[in-house]
Structures are given as C-alpha cells and as structure tokens.
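# Understanding the architecture of this molecule
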Amino acid sequence: MTILVTRSEPAASELATRLLSLGREAWTLPLIEFAPGADLDRLPQQLAALRTGDLAFLLSQQVIRHAQPVLARHNAAWPADVDYYAIGRSTALAFHTASGRHVDYPHTQETSEALINLAALQRVSRKKALILRGNSGRELLAETLIVRGAEIAFSQCYQRCQKHYDGAIEGQRWRNRGITTLVVSSGEMLQQLFSLFPAIDREEWLLRCRLVVVSERLATLASELGWQDIQVADGADNDALLRTLR
C-alpha cells in the first residue's frame, strides 16, 4: 500500500511521517493552503459584542491559528461567558490550549451534522451565534441555527487557497510511484483531486485507488464521481486517519 495524503500542511507531512514510521510508504500532495481571512481585524469587536449565553462556533483549527495572534495584538481575549462549540476534537483541543476556555464538540463525527445534533444546540432561540470559519464551506450549521431562532453573524478568519499543479505531470509522477491509496478530508479537495488529472489518468489509475475520506457525505460524493473502493475514517484528525490506514 502506497499512500498519497492530500491534506494541507503541516497536517499532511505529520501524517506521512507517522505512516513512514509504521513502515508504510507515504507521500504528500497538499491541495490547499491557508491565508488570513478578510474579517480578522473585526474579530475582537465581534467577540466583544457577544453577551452571556451567546454562542461561538470554531469550524477549523485554522480559525485558532489565525485568530489568536490578532487577539493578542489587540490585547483582547476570548470572552469568558460565551458558550463555545468546535467542529471536532482536534479543533476543540487547539482552542482550549490557546484560550483556556471550555468548549463542547461532537464526539461521534467531525461534521456539521454531528455538531447541530448536540443537545445544547436544540434550544438557541434569541441567542447570537458567531460562526468563525474560512472563505467557503457548507451552510448547514447557519441555516439550522436560523431555523431554531438564533441570530447569525460570520467571521472569515482564514482563506482556503487552491494550490495549482500540472495534472499531466502529477498523474505520471504518482502512477510511477505506485500510489494505491488516497487520503482526502474535504469535499472541496475531493472535487479538486478529481479535476486535476487528465481523463486517462482518472480512468486508468485515480478512480481505481482505495479512497479514505472523513465522512459519509464525502463517501457519497466520491461514489458519485466514480470511486468504488471507499473507506470512511472515524474522525477527521490524523489519529483517526492513522487508525484507518494501519
């Protein structure tokens, strides 16, 4: 089994290094990178506007990586009386480490579906909810909170930037290296991976690889694109992916 990890850095190299230590052959092809988001300068004011019992949602570790230096620069802190929610364990741990605040997260899957099913989020009427996220993503969380009566605001804390590769060159490179397993952690990256390579590489190689994804939603999308050998990890962090790849 030769594995190609398409996560962003540093997560891609961290996972590849751990796989190599277990005797697996692993390579990286990061499909996206991150830059500061357009709303970072407004974030201290947005957080200060939240009141006791209001909600803040952290939808990626990238939120903390980009927001924490801005708050420090403005001598601001994460409010103590706000209820914080993270998309998953890794994001929750990163937030708690940076802020010291308590944060809830779904313990099943790191998805919006699991997040909105938390018992504490069933009654949010008249509460303000600040969603800290990237420049693109699903609207399920916001739409559900609105239906439940919450007042929504967004903060774009980071931007996803697509990395550009020559598909013909990359197709030849990874076929020559005998890649048989692909690791993909978002729908955006799955679509990008599918579109990157020429049709002949997709048909003869890419769609014949085993595909490891992080949710049933991605598995469904992958099946629609033509993959047949699909495995869903029990989480989106490197620990969960490693368990699946071992």
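Below you will find a few notes about this structure.

Reading the values: the criteria
Residues numbered from 1 in each chain as written. Predicted model: local features only at pLDDT ≥ 70, side-chain atom pairs only at ≥ 80, totals over all residues. Heavy atoms only, no water. 1 Å grid on protein atoms, 1.4 Å probe; cavity = no way out; pocket = protein on both sides within 12 Å on 5 of 7 lines; lining within 4 Å. Points joined across faces, edges and corners; volume = space filled by probe spheres on them. Helix = DSSP H or I, 4+ residues; strand = E, 2+ residues; numbered from the N terminus. Nonpolar A, V, L, I, M, F, W, Y, C, P; charged D, E, K, R; others polar. Salt bridge = Lys/Arg side-chain N within 4 Å of Asp/Glu carboxyl O. Buried < 20%, exposed > 50% of the residue type's maximum accessible area, 1.4 Å probe, protein only.

## Digging into the layout of surface pockets
To find leftover empty space, a probe the size of one water molecule is rolled over the atoms. Looking at the largest pocket, its volume works out to about 1,200 Å³. For the lining of the largest pocket, the element with the highest residue contribution is helix 4 (residues 89-99), accounting for four residues. Residues belonging to the lining of the largest pocket are distributed by class as follows: 16 nonpolar, 16 polar and 14 charged. Quantified by volume, the second largest pocket comes out at close to 160 Å³. For the second largest pocket, the lining is made up of 13 residues, of which Arg89, Glu110, Asp234, Asp237 and Arg243 are closest to its centre. If you tally residues by element for the lining of the second largest pocket, the top one is helix 11 (residues 238-245), at three residues. Looking at the lining of the second largest pocket, its residues break down into three nonpolar, four polar and six charged.

## Focus: the pattern of salt bridges
Considering all chains together, one arrives at eight salt bridges under this definition. In this structure, Glu188 engages Arg160 in a salt bridge whose closest nitrogen and oxygen atoms are separated by 3.7 Å. Taken together, the positions of Glu188 in helix 8 (residues 187-196) and Arg160 in strand 9 (residues 158-162) put the pair 28 residues apart, joining distant regions of the chain. On the accessibility criterion, Arg160 (23% relative accessible area) is partly exposed. The salt bridge partner of Arg173 is Glu170, with a shortest N-O separation of 3.0 Å. Of this pair, Arg173 and Glu170 both sit in helix 7 (residues 167-176), three residues apart, roughly one helical turn. Since its relative accessible area comes to 7%, Glu170 is described here as buried. Residues joined in a network through salt bridges with shared partners are Arg175, Asp201 and Glu204.

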